[in-house]
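Chain by chain, the residues:
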Amino acid sequence: MRSSCCRNLRTAIKAANLHHIRVGGSGSLYQSRHLSSSSHHLLTEDLKSTFLNVYSTLKSDLLHDPSFEFTDESRLWVERMLDYNVPGGKLNRGHSVVESFKLLKEGEELTEEEIFLSCALGWCIEWLHAYFLVIDDIMDSSVTRRGQPCWFRVPQVGMVGINDGILIRNHVHRILKKHFRGKPFYFDLVDLFNEVEFQTSCGQMIDMITTGEKDLAKYSLPVHRRIVQYKTSYCSFYLPVACALLMAGENLENHVDVKNVLVDMGIYFQVQDDYLDCYADPETLGKIGTDIENFKCSWLVVKALERCSKEQTEILYENYGKPDPSNVAKVKELYKELDLEGVFKEYESKSYEKLIGVIEAHQSKAIQAVLKSFLAKIYKRQK
């Protein structure tokens, strides 16, 4: 089985190399101030196929990890758990490592090893993200994730899902150790993943304790930004680019400006997420929004508090954070009265223009290309 996976992987990598992406010159996607509609499709279908094949290889490695004596039952459990939780999303974070690395190489053809390693790092981020989602869904008592029941709601899983989440988290460092230990940037990678996991966990903590106080008076834009910066920006936006920079031989201390742009992009992304939680079709979004019921420090409720009259504030206080559908409906009706949909669209337009301006001021065209590829993926997204 494992040798078959490896043969398939080598074949896919060779095919992907035949379709490598060149960036720059007069035909670059990144010459225009406005993003091309095709600029978020940087990965060829062959390379996407390679990315999925790398998942199969990494999973096989983990299911045969010599540090644990698997039984047939435990191996089947882990395989099912991984297939259910790790590869089911859009995989944007993982793809972004490969895309960013290719852009930083400025048209050079990637070697088979570079393609495999960039894919492996992309999967490390997907593994880390899956760990946070599994645990987050349990804490939030969420119902669905990615169009299917949350893992802990699957029959026979329940609170075993907590340990499954911890196991998923441990897999990240098993992958790093196996495939990167001999690389000069290995310790920087380990430090990076540890740092981002710590920051994300702290973001989750301040989100939970802020929400747990059930006091709308403590919700504000600075509080929202602080939660989002730590809970979302570092893991989903900075980490993929930082991985690519390390693979390209860069020192992360020389790219603080890139980190700052990506943090702002992550905040914009989370504001979109807060908006979609309320306004998007659950079938399109892949989950049922629960921010209102869960008393989340959402951008929408913060903006509502800024715009409410005294009477409207009372309605918000009386109904926000209550699970009854009638209470949720009253909050949504208030959002409609306050035209929060229009407020969001204005915010989105201004955020886009600000981000584009900062990106185009960067001295490196390759890094501009990386940052614009990220922005293209999220601008006016519907899910």
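Owing to the predicted nature of the structure, the values given are computational and were not obtained by experimental measurement.

(A) Structural context of the overall build of the protein. The number of helices and strands found in the protein is 15 helices and 2 strands. A total of 383 residues make up the protein; the buried ones form 53% of that total. Taking the intrachain contacts of the protein between residues at least 6 apart in sequence as the baseline, contacts between residues at least 24 apart amount to 78%.

(B) Up close: the state of the cysteines. All chains considered together, the criterion is met by 0 disulfides. Of all cysteine sulfurs in the structure, the one in Cys243 sits closest to Cys124, which takes part in no disulfide; the separation is 7.6 Å. The class for Cys124 is buried, based on a relative accessible area of 0%. For Cys243, a relative accessible area of 0% gives the class buried.

(C) Quick peek at helix α14 (residues 340-360). Compared with an ideal rise of 1.5 Å per residue, which puts 21 residues at 30 Å, α14 spans 30 Å between its outermost C-alpha atoms and is within 8% of the ideal. Three or more residues of α14 are buried, namely Leu340, Val343, Phe344, Glu348, Ser351, Tyr352, Leu355, Ile356 and Ile359. Looking at the packing, one finds that the buried side of α14 touches α9 (256-279), α11 (299-307), α13 (325-337) and α15 (365-378).

(D) The packing of helix α3 (residues 72-85) against helix α6 (residues 160-180), seen in detail. One can describe the packing of α3 onto α6 by two numbers: an axis separation of 11 Å at closest approach and a directional angle of 80°. In terms of orientation, α3 and α6 fall into the roughly perpendicular class. Two secondary-structure elements touch here, α3 through Trp77, Val78, Met81, Leu82 and Asn85 and α6 through Val160, Asp164, Leu167, Ile168 and His171. For the contact of α3 with α6, the per-class residue count stands at 7 nonpolar, 2 polar and 1 charged.

(E) Examining the confidence of the model for the protein more closely. Summarising the model, the protein shows a mean pLDDT of 87, and 89% of its residues fall at 70 or more. Across residues 1-41 the pLDDT falls below 50, and counting only partners more than four positions away or on other chains, this stretch makes 75 contacts in the model.

(F) Highlighting α6. Here α6 contains 21 residues, and its C-alpha end-to-end distance of 31 Å stays within 8% of the 30 Å for a straight helix at 1.5 Å per residue. All of the buried residues along α6 are Gly161, Asp164, Gly165, Ile168, His171, Val172, His173, Ile175, Leu176, His179 and Phe180. Contacts made by the buried residues of α6 are with α2 (45-63), α3, α5 (112-140) and α7 (186-212).

(G) Region of the structure containing the pattern of salt bridges. Taken as a whole and assessed by the stated rule, the structure comprises 18 salt bridges. Between Glu108 and Lys105 there is a salt bridge whose closest N-O contact spans 3.6 Å. Relative accessible area serves as the criterion here: at 48%, Glu108 is assigned to the partly exposed category. Salt bridges here are not isolated pairs; linked through shared partners, they connect Asp136, Asp140, Asp207, Lys231 and Lys296.

(H) Geometry of the nonpolar core. Grouped together as the largest cluster of nonpolar side chains are 83 residues, with contacts concentrated most on Trp127, Phe193 and Met265. Of the residues forming this core, the biggest block, 16 residues, is contributed by α5. If near-sequence neighbours (up to four positions away) are discounted, Met265 is found in contact with Phe237, Leu355, Ile359, Leu371, Phe374, Leu375 and Ile378. One finds Tyr219, Ile292, Val301 and Leu338 within the second-largest nonpolar core, a separate group that totals 29 residues.

About the criteria used
- Residues numbered from 1 in each chain as written.
- Predicted model: local features only at pLDDT ≥ 70, side-chain atom pairs only at ≥ 80, totals over all residues.
- Heavy atoms only, no water.
- Helix = DSSP H or I, 4+ residues; strand = E, 2+ residues; numbered from the N terminus.
- Buried < 20%, exposed > 50% of the residue type's maximum accessible area, 1.4 Å probe, protein only.
- Contact = heavy atoms within 4.5 Å.
- Disulfide = S-S within 2.5 Å.
- Expected span 1.5 Å × (residues − 1).
- Axes fitted to C-alpha atoms, helices over the stretch in contact; angles between N-to-C directions.
- Parallel < 35°, antiparallel > 145°, perpendicular 65-115°, else oblique.
- Nonpolar A, V, L, I, M, F, W, Y, C, P; charged D, E, K, R; others polar.
- pLDDT = per-residue confidence, 0-100.
- Salt bridge = Lys/Arg side-chain N within 4 Å of Asp/Glu carboxyl O.
- Core = buried A, V, L, I, M, F, W, Y, C linked by side-chain atoms within 4.5 Å.

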